[in-house]
Structure formats: structure tokens, C-alpha cells
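# Coordinate inspection notes
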Amino acid sequence: MFDQKQIDAYRSIAAPAQQRRRVMNLAAEKEPVPFFRTAGFRSLSAAAACLVLVVALTVLGPGHAAPEFSMDGTPITAEAVVLPQNSHIATLASARDRNSLVIPLTLDGKEETLLSASAGVLTVTDPETADTLFTGETGSVSQPVSISWELPADEAAAPRTLTAETADHVCTITVTFDAAENCWFIRSSVE
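Residues numbered from 1 in each chain as written. Predicted model: local features only at pLDDT ≥ 70, side-chain atom pairs only at ≥ 80, totals over all residues. Heavy atoms only, no water.

Bringing the overall build of the chain into the picture now. A count of helical and extended segments in the chain gives 4 helices and 12 strands. A buried classification covers 28% of the 191 residues belonging to the chain. Only carbon and sulfur atoms are counted for the fraction: they give 57% of the accessible area of the chain, which is about 12,900 Å². (Helix = DSSP H or I, 4+ residues; strand = E, 2+ residues; numbered from the N terminus. Buried < 20%, exposed > 50% of the residue type's maximum accessible area, 1.4 Å probe, protein only. Areas by Shrake-Rupley, 256 points an atom, 1.4 Å probe, with all protein chains shown as cover.)

Confidence in the prediction of the chain, expressed as mean pLDDT, is 78, and 81% of residues score 70 or more. This model gives residues 87–96 a pLDDT under 50, and the stretch forms 23 contacts once residues within four places in sequence are excluded. (pLDDT = per-residue confidence, 0-100. Contact = heavy atoms within 4.5 Å.)

So, about the nonpolar core. Core analysis: the biggest nonpolar cluster contains 28 residues, and Phe69, Ile103, Leu105, Leu115 and Trp149 have the highest contact counts within it. If you list the elements that add at least two residues to this core, you get β1 (68–71), β4 (100–108), β5 (113–117), β6 (121–125), β9 (145–152), β10 (160–165), β11 (170–178) and β12 (183–190). When neighbours within four sequence positions are excluded, Phe69 is seen to be in contact with Pro75, Ile76, Leu105, Thr106, Leu107, Leu115, Ile147, Leu162, Ala164, Cys171 and Ile173. (Core = buried A, V, L, I, M, F, W, Y, C linked by side-chain atoms within 4.5 Å.)

This paragraph deals with the pairing of β12. Two strands pair when backbone bridges link them, and strand β3 (residues 81–82) and β12 are joined in this way by 2 bridges, in the antiparallel orientation. By the bridge assignment, Val81 is partnered in β12 with Ile186. The sheet contact formed by β11 and β12 spans 8 bridges and is antiparallel. The partner of Thr172 across the bridge, within β12, is Ser189. Connecting β11 to the antiparallel partner β12 that follows it, the hairpin turn spans 4 residues, and Asn182 within it adopts a positive phi of roughly 60°. (Pairing = 2+ DSSP bridges.)

So, about the pairing of strand β7 (residues 132–136). Examined bridge by bridge, β6 and β7 share 4 bridges and lie antiparallel to one another. Directly across from Thr123, in β7, lies its bridge partner Thr135. A loop of 6 residues connects β6 with β7, the two strands running antiparallel in sequence, and Ala130 in this loop sits at a positive phi of about 65°.

Moving on, we get to the sheet that holds β1. Adjacent strands of a sheet pair through backbone hydrogen bonds, lying either parallel or antiparallel. Pairing within the open sheet is antiparallel, and its 6 strands lie in the order β2-β1-β4-β9-β6-β7. The sheet is open, and its two borders are formed by β2 (74–75) and β7, each paired with just one other strand. Of the strand pairs in this sheet, β6 and β9 are connected by 5 bridges, and their pairing is antiparallel. Each bridged residue has a counterpart across the sheet, and for Thr123 the counterpart in β9 is Ser148.

Turning our eyes to something else, we now look at the environment of Glu191. Of note, Glu191 is situated in the segment after β12. Since its relative accessible area comes to 65%, Glu191 is described here as exposed. Sequence separation of Glu191 and Val170 is 21 residues, and the distance between their C-alpha atoms is 5.2 Å.

A negative phi angle characterises most non-glycine residues, just as the trans form characterises most peptide bonds. We note that Asp72 has phi near 55°; this positive angle belongs to a residue other than glycine. Checked against the element boundaries, Asp72 lands in the loop between β1 and β2. The class for Asp72 is partly exposed, based on a relative accessible area of 44%. Located in the positive-phi region is Ala130, a residue other than glycine, with phi close to 65°. Here Ala130 is to be found in the loop between β6 and β7. Exposure remark for Ala130: the relative accessible area of 58% places this residue in the exposed category.

Structure, rendered in C-alpha cells:
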């Protein structure tokens with residue numbers, strides 16, 4: 001495409017001396033780079049962005065965990081389960097004899113929680129000291145507690161509920177009697 005004569009002619013072209021000096025001086029003077037274009041600024045920006053994310057997740061994060069109820073160490077879930085017939089929980093026969101059903105529960109939670117029962121009496125105790133914190137249908141706690149929920153054993157009654165309400169969540173325990181199965185069921189729901 002190009003012959004040797006054209007290539008030599010192209011290479012022999014020289015810039016004027018004055019322009020050549022200006023270009024060489026510009027390369028030697030090298031202007032200072034603005035701080036926001038340096039690697040140090042980028043690292044500082046990345047650290048600040050991470051800090052903003054950590055603070056945002058802490059403040060606006062998922063919030064506190066919902067209060068959790070358990071019975072004999074087993075969490076109560078949304079799936080209805082038969083109340084176990086053991087020494088801690090009254091069987092239907094003994095409930096008929098005593099006219100009450102006693103359900104031992106444990107509430108795990110460290111934030112302020114309002115407890116309220118639709119029926120029956122709550123006896124709330126500190127599991128470590130066994131001190132009674134309150135007895136009645138409603139009360140407030142801010143620590144893990146043991147609850148003894150005594151209900152009337154009237155099988156025909158509507159489902160009974162125990163509600164634990166925190167600033168972020170409402171957890172409801174529902175106890176119902178199933179005449180077909182001839183047993184009590186318990187389940188939990190969280191809003």
C-alpha cells in the first residue's frame with residue numbers, strides 16, 4: 001500500500017522548534033491532580049459509604065425479633081399441635097374434674113411486651129428467681145418469663161387467645177378444643 005519512499009517522507013516531517021519545546025515543557029510541568037481523583041479519596045469514599053450502610057441498617061434494619069412462645073422447650077408455631085398430656089398440662093379428664101386447663105409457657109423476649117389473655121388468668125414469673133411478676137389477664141414484661149395460663153375447661157367456648165404485643169410485632173397464641181378429636185390444640189401466629 002505504501003512504498004518505502006512515502007514512509008521515509010512521513011518520518012522526515014518535523015514539528016516547528018517552538019511547538020516542540022511547548023509540548024516537551026507541558027509534559028515536564030505535569031499539573032497536580034485534584035484530590036477527588038486520587039486513590040486515597042476513593043478509599044475514603046468507600047469507607048464512608050460502608051459506614052452509611054452500617055448506620056442505616058442499624059437504625060432502619062429489620063427491627064427486633066417477634067416474641068416467641070415455647071412449651072416445655074418446644075417453640076409454638078403456626079401449625080396447630082395437640083397439647084401434650086403430661087404432668088405439666090391438664091388432660092381433658094382432669095380439666096373436667098378441676099374445671100380448668102393449665103398451660104405452662106415460656107416467653108423469650110427482652111423488649112417491653114404487653115401480655116393480655118382473652119380468658120383465664122396469667123401467672124407470670126421470673127424463671128431464674130421464681131418471683132411472681134404479676135397475676136391477672138393483662139400485664140407488661142421486659143424480660144424472658146415463665147407463664148402459667150389457667151383457662152376454664154369449657155369445651156364449647158370460643159377459642160382462647162394470649163397476645164404478646166411489642167412495638168414491632170404482635171404474637172398470638174390460640175387454644176381451641178376439638179370435639180371430634182377430643183383434645184386441645186395450640187398454635188401461634190405473628191403479625
